Amino acid sequence: MAEFFDALDDRHIAFVAKQPVFFVATAAAEARINLSPKGMDSFRVLGPSRVAWLDVGGSGNETNAHLIADGRITVMFCAFEQPALILRLYGRARPVLPQDAEWGALIPHFAMLEGTRQIFDMAVEQVQTSCGWGVPLMTLDRPRETLSKAHAKLSAEERLAKFMARDRSIDGLPVRVPTQVPAG
């Protein structure tokens, strides 16, 4: 049975810290619903009602576009080991880019990853847990290094040019792009 909480408690925070993958869902009017898997040791709990994660450039930037248009977001973690559990965070978030004043306060929470383009800063409005009994048991072999290696082959200027060229979502919504190389 699902349980709802007003904020993250110590049990939730410990569960989140153990998970190697999480999922981010966003939507905007007249646009596709976006659901993205994330990993790479990029998620941080900043407080009972605030979380953030580093975003590494990939195939698109839908989360950025949807948050600008709407702001609503759901983040989901699920246990692939025992005990079974699903944890969802509901709230509102915003992209923080390297040129933003808030960047300097957020980036110290992270180890800079190759290809970092932005940080998503989320105000958690509600936490939900549910059983997760339908999620399979799986073990983590190792992280993929493909994306990091691809970014490492590019100079900072080449990476920035790629980020700046992707200024629209797949549905044509505007995206805020970095205008400077991220510094950690």
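The rules behind each value
Every chain's residues receive numbers from 1 upward, in the order its sequence appears when written. Where totals are concerned, whole chains, interfaces and linings use all residues; where local detail is concerned, this predicted model gives features only for residues with pLDDT of at least 70, and gives and counts side-chain atom pairs only at 80 or more. The basis for the side-chain values is all heavy atoms of the structure; hydrogens and waters are excluded. Any Lys or Arg side-chain nitrogen located within 4 Å of an Asp or Glu carboxyl oxygen qualifies as a salt bridge. Strands here mean DSSP runs of E at least two residues long; helices mean DSSP runs of H or I at least four residues long; both are numbered from the N terminus. Exposure classes here rest on a 1.4 Å probe applied to the protein chains alone. A residue is buried below 20% of its type maximum, exposed above 50%, and partly exposed in between. A pair of strands is treated as paired once DSSP finds two or more bridges between them. The criterion used for residue contact is that any of the two residues' heavy atoms lie within 4.5 Å. Residues adjacent in sequence count toward polar contacts only when both atoms are side-chain atoms; beyond that, a polar contact is any pair of N or O atoms within 3.5 Å, and within protein one must be able to donate a hydrogen and the other to accept it. By convention a nonpolar core is built from buried Ala, Val, Leu, Ile, Met, Phe, Trp, Tyr and Cys residues, the set being connected through side-chain atoms within 4.5 Å. The directions considered for the arc run from the helix axis to the C-beta atoms.

## Considerations on the pattern of salt bridges
Move 1: Applying the stated rule across the entire model yields 12 salt bridges.
Move 2: With a closest N to O distance of 2.6 Å, Asp55 and Arg117 form a salt bridge. Placement of the pair is Asp55 in strand E5 (residues 50–56) and Arg117 in strand E8 (residues 116–130), with a sequence separation of 62 residues. As far as burial versus exposure is concerned, Asp55 and Arg117 are alike and both buried.
Move 3: A salt bridge links Asp141 to Arg142; the nearest nitrogen and oxygen atoms lie 2.9 Å apart. The pair formed by Asp141 and Arg142 is uniform in burial state, with each residue classed as exposed.

## Section: the pairing of strand E7 (residues 86–96)
Move 1: Two strands pair when backbone bridges link them, and strand E6 (residues 72–78) and E7 are joined in this way by 7 bridges, in the antiparallel orientation. Across the sheet, the residue bridging to Ile73 is Gly91, located in E7.
Move 2: Summarising the sheet, E7 and E8 pair through 11 bridges and their orientation is antiparallel. Pairing of Ile86 across the sheet is with Ser130, part of E8.

## Here we look at helix H2 (residues 62–69)
Move 1: With respect to burial, H2 is a largely interior element, 6 of its 8 residues being buried.
Move 2: Every buried residue of H2 is listed here: Glu62, Thr63, Asn64, Ala65, His66 and Leu67.
Move 3: For H2, the secondary structure elements touched by its buried residues are strand E2 (22–26), strand E3 (34–38), E6, E7 and E8.
Move 4: Of the residues one or two after H2, Gly71 is the one with positive phi, at around 90°.

## Quick look at the side chain of Thr116
Move 1: Looking at the element boundaries, Thr116 is found in strand E8.
Move 2: One polar contact links the side chain of Thr116 to the main-chain carbonyl oxygen of Leu113, over a distance of 2.7 Å.
Move 3: Excluding anything up to four places from it in sequence, Thr116 contacts Leu54, Asp55, Val56, Trp103, Phe163 and Pro182.

## Topic: the nonpolar core
Move 1: Membership of the largest hydrophobic core comes to 21 residues, with the highest contact counts inside it found for Phe43, Val51, Trp53, Val75, Phe77, Leu89 and Met122.
Move 2: Broken down by element, the residue count for this core peaks at 4 residues, all from E8.
Move 3: In this structure Val51 touches Leu8, Phe43, Arg44, Val45, Leu46, Leu89, Phe120, Asp121, Met122 and Val124, once residues within four positions along its chain are discounted.
Move 4: Formed by 10 residues, the second largest nonpolar core is a distinct cluster that contains Leu54, Val56, Leu113 and Ile119.

## Considering helix H1 (residues 10–18)
Move 1: Listed as buried for H1 are His12, Phe15 and Val16. Looking straight down H1, one finds its buried side chains confined to an arc of 100°; they lie on one side. More than 90 degrees from the buried face of H1, the exposed residues found are Asp10, Ala17 and Lys18.
Move 2: In this fold, the buried residues of H1 make contact with strand E1 (3–5), strand E4 (43–47), E6, E7 and E8.

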